[in-house]
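# Close look at the chain arrangement
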Amino acid sequence: MSVEPVKLSVRETEVCNLLLAGNSTNKIAEVLNIKCNTVSTFKKLIFKKTNTNNLIELYEVCKHA
C-alpha cells in the first residue's frame, strides 16, 4: 500500500515547522508577521491536509514523511 505525500504550500510548511518546533500561535504570528487568526486558519488546513487532529498526530505524520 502506497501513501500519497501531503502537499503543503510554502506558507503552510513554514507554519507546520514552527508548530512542530513548539511555538505558540502568538509566536508564529509574530515570526511570520501575520495575524493569529491567520495562523489558526493555516493550522486547520494543515490538519485537514494531513488527516490529523492534533500536534501529536501531525508530528507522527511528518516524522514518517
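Residues numbered from 1 in each chain as written. Predicted model: local features only at pLDDT ≥ 70, side-chain atom pairs only at ≥ 80, totals over all residues. Heavy atoms only, no water.

### Focus: the confidence of the model for the protein chain
To keep things clear, this is the line we draw: You can read pLDDT as the predictor saying how much it trusts each residue, on a scale of 0 to 100. A run of H or I in DSSP becomes a helix once it reaches four residues, and a run of E becomes a strand once it reaches two; helices and strands are each numbered from the N terminus.
When pLDDT is averaged along the protein chain, the result is 91, and 92% of the positions lie at 70 or above. The element-level mean pLDDT for the protein chain is lowest in helix 4 (residues 55-63), coming to 91, with helix 2 (residues 25-32) highest at 98.

### Topic: the nonpolar core
Selection criterion: Definition of nonpolar core: a set of buried residues of the types Ala, Val, Leu, Ile, Met, Phe, Trp, Tyr and Cys, connected through side-chain atoms within 4.5 Å. For each residue, the accessible area found with a 1.4 Å probe, counting protein chains only, is set against the maximum for its type, and the residue is called buried under 20%, exposed over 50%, and partly exposed in between. Any two residues whose heavy atoms approach within 4.5 Å at even a single point are treated as in contact.
Core analysis: the largest hydrophobic core is formed by 13 residues, its most contacted members being Val15, Ile28, Leu32, Ile34, Val39, Ile46 and Leu58. When residues of this core are traced back to their parent elements, those giving at least two are helix 1 (10-20), helix 2 and helix 3 (36-50). Not counting chain neighbours up to four residues away, the residues in contact with Val39 comprise Val15, Thr25, Ile28, Ala29 and Ile34.

### Brief notes about helix 2
Using the following cut-off: What the arc describes is the spread of directions from the helix axis to the C-beta atoms.
Listed in full, the buried residues belonging to helix 2 are Thr25, Ile28, Ala29 and Leu32. Considered in projection along helix 2, the buried side chains sweep an arc of 100 degrees and stay on one side of the axis. In helix 2, the exposed residues that point more than 90 degrees away from the buried face are Asn26 and Glu30. Tucked into the core, helix 2 has its buried residues touching helix 1 and helix 3. Remark: Asn33 follows helix 2 within two positions and exhibits a positive phi of approximately 55 degrees.

### Focus: the packing of helix 1 against helix 3
Rules: Angles run from 0 to 180 degrees between N-to-C directions of axes, and those axes are lines fitted to C-alpha atoms, restricted for helices to the stretch in contact. Convention used here: angles under 35 degrees read as roughly parallel, angles over 145 as roughly antiparallel, angles from 65 to 115 as roughly perpendicular, and any remaining angle as oblique.
It is at 10 Å that the axes of helix 1 and helix 3 come closest, and there the two elements cross at 95 degrees. Relative to helix 3, the element helix 1 lies roughly perpendicular. Contacts from Arg11, Glu12, Val15, Cys16 and Leu19 in helix 1 reach Val39, Phe42, Lys43, Leu45, Ile46 and Lys49 in helix 3.

### Notes on the packing of helix 3 against helix 4
Formally: Helix crossings get a hand from a simple test, with the near helix turned counterclockwise from the far one by less than a right angle marking a left-handed crossing and a clockwise turn marking a right-handed one. Three residue categories are used. Nonpolar comprises Ala, Val, Leu, Ile, Met, Phe, Trp, Tyr, Cys and Pro, charged comprises Asp, Glu, Lys and Arg, and polar comprises the others, including Gly.
For the pair helix 3 and helix 4, interaxial distance at closest approach is 11 Å and the crossing angle is 55 degrees. Regarding the angle of helix 3 to helix 4, the classification is oblique. Two packed elements cross with a definite hand, and for helix 3 against helix 4 that hand is left-handed. Counted together, Ile46, Phe47 and Thr50 of helix 3 and Leu55, Leu58 and Val61 of helix 4 form the full contact between these two elements. Among the residues forming the contact of helix 3 with helix 4, the class breakdown is five nonpolar, one polar and no charged.

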